[in-house]
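Observations on the model geometry
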Amino acid sequence: FFFFLGMEKVVVCPYKRPNALYRLICFPWAGGGTSQLAQWGKLFSSSVEVSSVRLPGRESRCKEPFAKDMATVVNEITSALLKELQEKPFAFFGHSFGSYISFAVALHLKEKYGLEPFHLFLSGAHAPHSEAFLPIKTVSISDTKDEDVLKYIEVLGGTPSELLQSEDIKEHLILTFREDLRVLQTLSFEKAERNIPFSCDITCFNGSEDKSHDVEAWHDLTSGDISFYELPGGHFYLLEPSNEIFLTKHITKCMENAGL
């Protein structure tokens, strides 16, 4: 029973589909919760059950301390999901910070349990071993002023402006964003010579107005196929209803055509 509670705490699945053939696990962006991606469940066909990961420090877990590093995040998510992931084929979708977490979880599952998502859908992210990722790792979080963090959050978009009117919500968002960035900076991945960690297919999505991401470098990380799609919009292009329809249709097609 306790395990079940633990699972519900970390993994949110509002549209349960016990007979689904596949699972899609979604990983939200920095400062984000499960509200948007967990709702994707109702957009998918009955063959796919959609869950979203919830990190400590937000939503129903707002009283819990934030995670200290990526290893803690990965271990918690893995232990909550392991049993489920052994039962049927699964794919991951991550946006921005969520792409990096999904990558780290996938790597851990592969190295420790020989389990691999059959498809990684990555959005708005650099490959974690690329040069382009380095500035994210080196920005000093403690020196960054609150108003600069807020400005960055506003520039990225994705946060309804009415939320930013409330001081409490604004403060909590800035704090959550900082803590997520701190976790991201502890992601250590060195691409070893000739070692290709994955064999699954990878699809990278990006907003056309977003700053460009080094997605080409994902080629080094899998022996599977890689495809790239650019959709109209900025960093949070995926919140546009038309893009959401494209994403959910495309992901469904990839999952149903995987021939598993």
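Before reading on, note that the structure itself is shown above.
My aim in this report is to walk through the structure given alongside it, one point at a time. This one's a predicted model, so the numbers in the text were calculated from it and none came from an experiment. (Residues numbered from 1 in each chain as written. Predicted model: local features only at pLDDT ≥ 70, side-chain atom pairs only at ≥ 80, totals over all residues. Heavy atoms only, no water.)

Structural notes on the sheet that holds strand β3 (residues 48–53)
Note the threshold: What makes two strands pair is DSSP finding at least two bridges between them. A helix here means a DSSP run of H or I that spans at least four residues, while a strand means a run of E at least two residues long, and both kinds are numbered starting from the N terminus. Between two residues, a contact is recorded if the distance between any of their heavy atoms is within 4.5 Å. Note on geometry: axes are C-alpha line fits, over the in-contact stretch for helices, and angles between N-to-C directions span 0 to 180 degrees.
Spatially, β1-β3-β2-β4-β5-β6-β7 is the arrangement adopted by the 7 strands of the open sheet, whose pairing is mixed. Each edge of the open sheet is held by one strand with a lone partner, namely β1 (11–12) and β7 (226–231). Note: strand β6 (residues 201–207) against β7, 6 bridges, orientation parallel. By the bridge assignment, Thr203 is partnered in β7 with Ser227. Sitting on the sheet, helix α3 (residues 70–87) touches β1, β2 (22–27), β3 and β4 (90–95), and the angle it makes with β2 is about 160 degrees.

Examining the packing of aromatic side chains
Aromatic ring pairs are defined here through the distance separating the ring centres and the angle between the ring planes. Selection criterion: Here a Phe, Tyr or Trp ring, Trp counted by its six-membered ring, pairs with any other such ring whose centre lies within 6.5 Å, and the pair is stacked when the planes are under 30 degrees apart, edge-to-face when over 60, and tilted otherwise. Think of it in three bands: with a 1.4 Å probe and only protein chains considered, a residue is buried below 20% of the maximum accessible area for its type, exposed above 50%, and partly exposed in between.
This structure, assessed with the given rule, holds 14 aromatic pairs. For the pair Trp40 and Phe44, a centre-to-centre distance of 6.3 Å together with 40 degrees between the ring planes defines the contact as tilted. Taken as a pair, Trp40 and Phe44 share a single burial class, namely buried. By the ring-pair criterion, three or more aromatic residues cluster together here, those being Phe103, Phe189, Phe198 and Trp218.

Some thoughts on the environment of Leu115
Summarising the element assignment, Leu115 is placed in the loop between α4 (97–113) and β5 (119–123). By relative accessible area, which is 17% here, Leu115 ends up buried. A sequence separation of 29 residues divides Leu115 from Gln86, and the C-alpha atoms of the two residues are 7.7 Å apart. Leaving out residues up to four positions away in the same chain, Leu115 has contacts with Leu82, Leu85, Gln86, Phe90, Ala106, Leu109 and Lys110.

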